[in-house]
Amino acid sequence: MMHLGTLSLPNKQTRAALREGDSWILLDAADVGALVANPDWRNGIDVARTTGQRIAEDKATMLTPVQHPAKIVCCGLNYHDHIIEAKREIPIFPTLFAKFADTLTDPDADITITGSHKVDWEAELAVIVGSPVQRATPAEAANAILGYATSNDVSARDWQSRTLQWFQGKAWDNTTPLGPFIVTADEISPKDGLEIRADINGEVVQLSNTRELVFDSATLISYVSQFTILRPGDIVLTGTPGGVGLGRNPQRWLHDGEVLTTHIEGIGTLRNRMRLPSSESV
């Protein structure tokens, strides 16, 4: 039962860390992805608990926990309420797309997009892989899950709608906050039902529960593993619930200066200020 994060240090280095009480214990890895790539990483944590440097929680600067995932696989149309909002049928198979590592940003980072007039929010549960998984059953996939984090798939809807492929609206650099840390899978289970919420300047715009997921975390990882191996540090984003700007009447987009807050019960909260100069000309 652990909270694993990645901290920014004053010397411009980064370190994986374990939260214990009101402090973070620095670990022998640059980030959580590098930490769990070592099959013996849990033994290193036992040593760090005794000898590791500690940083007070209120002095810690949190970064996105996994800095360089090899794969980020995303699932669209995966909450029943969002599928209804989008006027779609319940899918038989997951609707998948991919992101680059460059899309990730930190839990409290400003998000800058220049060139889109329709920037939308999508609160999401992120699943972080903890061990290699290939052609796995759902039970095997569940055992491969390291843990969970909060994320938001901030999307450029005008770019997304240019073609039938979503990729160009989803892959903008530094637009997918993730964190603030990873809660390990032995501590929490989204299948039990966790509240997921997005606020804009304090106004609730999304409010749902992970019980609404069509394909749960283990099912998604099992499905993806049939065609590509997932390795420690890889990320699967599980989709967003209803309440996105695209589905509103009238439609509503994010604007420059607004603060987007994303929260998942028992996992954590992101707070990201939007820097969207193009939105002011809409």
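For the structure, see preceding data.
Below you will find a few notes about this structure.

Procedures and definitions
- Residues numbered from 1 in each chain as written.
- Predicted model: local features only at pLDDT ≥ 70, side-chain atom pairs only at ≥ 80, totals over all residues.
- Heavy atoms only, no water.
- Patch = residues over 30% accessible without salt bridge, like charges linked within 9 Å, V, L, I, M, F, W, Y side chains within 5 Å.
- Areas by Shrake-Rupley, 256 points an atom, 1.4 Å probe, with all protein chains shown as cover.
- Salt bridge = Lys/Arg side-chain N within 4 Å of Asp/Glu carboxyl O.
- Helix = DSSP H or I, 4+ residues; strand = E, 2+ residues; numbered from the N terminus.
- Core = buried A, V, L, I, M, F, W, Y, C linked by side-chain atoms within 4.5 Å.
- Buried < 20%, exposed > 50% of the residue type's maximum accessible area, 1.4 Å probe, protein only.
- Contact = heavy atoms within 4.5 Å.
- Disulfide = S-S within 2.5 Å.
- Phe/Tyr/Trp six-rings, centres within 6.5 Å; stacked < 30°, edge-to-face > 60°.
- Polar contact = N/O pair within 3.5 Å; in protein donor to acceptor, adjacent residues only side chain to side chain.
- Pairing = 2+ DSSP bridges.

So, a nonpolar patch on the surface
Taken together, I92, F93, Y223 and F227 make up a surface patch of nonpolar side chains, about 480 Å² in accessible area. If you trace the backbone, I92 turns up in the loop between helix 3 (80-85) and strand 7 (95-99).

Thoughts on the nonpolar core
As a rule of thumb, nonpolar side chains are buried together in soluble globular proteins. Of all hydrophobic cores here, the largest spans 49 residues; its most connected members are L7, I221, L254, I267 and M274. Listed by contribution, the elements that provide at least two residues to this core are strand 3 (23-26), strand 6 (72-76), strand 11 (123-129), strand 12 (145-152), strand 14 (176-184), strand 15 (195-200), helix 7 (217-225) and strand 18 (259-264). Per-element tally for this core: the top contributor is strand 11, with four residues. Setting aside chain neighbours within four positions, we find I221 in contact with V127, V129, V133, A141, I145, L230 and V236. In terms of nonpolar packing, the next biggest core, distinct from the first, is built from 26 residues, I25, V32, F97 and I235 among them.

Details of the state of the cysteines
Any covalent bond linking the sulfur atoms of two cysteines counts as a disulfide. Enumeration over the complete set of coordinates arrives at zero disulfides. C74 carries a free sulfur, and the closest cysteine sulfur to it, the one in C75, is 9.0 Å from it. With relative accessibility at 1%, the residue C74 sits in the buried group.

A few points about the packing of aromatic side chains
Scanning the entire structure with this criterion turns up six aromatic pairs. Ring plane angle 25° and centroid distance 6.3 Å describe the contact between F93 and Y223, whose orientation is recorded as stacked. Taken together, the residues span a long stretch of sequence, with F93 in the loop between helix 3 and strand 7 and Y223 in helix 7 at a distance of 130 residues. On the basis of relative accessible area, F93 is assigned to the exposed category, the value being 54%.

A few points about the environment of P69
Looking at where P69 falls in the secondary structure, it is placed in the loop between strand 5 (61-63) and strand 6. Here P69 falls in the buried class, since its relative accessible area comes to 7%. In sequence terms P69 and E187 are 118 residues apart; their C-alpha atoms lie 23 Å from each other. Non-local contacts of P69, meaning those with residues more than four positions away in its chain, are made with A101, L104, G233, D234 and I235.

Concerning helix 7
In terms of burial, helix 7 is largely enclosed, as seven of its nine residues are buried. Listing the buried residues of helix 7 in full gives S217, A218, L220, I221, S222, V224 and S225. You can read the cap of helix 7 off the contacts: a side-chain oxygen lies 3.4 Å from the backbone nitrogen of A218, and it is on D216.

With respect to the pattern of salt bridges
Under the defined criterion, the tally for this structure stands at 14 salt bridges. Its salt-bridge partner being K170, residue E122 comes within 3.0 Å of it at the nearest N-O pair. Here the residue E122 occupies a position in the loop between strand 10 (119-120) and strand 11, and K170 occupies one in helix 6 (residues 167-170), the gap between them amounting to 48 residues. Looking at K170, the relative accessible area reads 2%, which means it is buried.

Remarks on the pairing of strand 12
In terms of burial, strand 12 is a largely internal element, eight of the eight residues being buried. As paired elements, strand 11 and strand 12 share seven bridges and run antiparallel to each other. Bridge pairing links A123 to N152 in strand 12. The sheet contact formed by strand 12 and strand 14 spans four bridges and is antiparallel. Bridge pairing in strand 14 places Y148 opposite V183.

Some thoughts on the side chain of T261
Among the secondary structure elements, T261 is positioned in strand 18. Note on T261: relative accessible area 15%, which makes it buried. With near-sequence residues (within four places) excluded, T261 lies in contact with R197, A198, D199, T269, L270 and R271.

Description of the environment of V32
Note on placement: V32 falls in helix 1 (residues 32-36). Each C-alpha atom of the pair V32 and P232 lies 9.3 Å from the other, and the pair is 200 residues apart in sequence. What V32 contacts, discounting residues up to four positions off in sequence, is L4, G5, T6, A16, P65, L146 and I182.

By themselves, these figures tell us nothing about what the structure is for.
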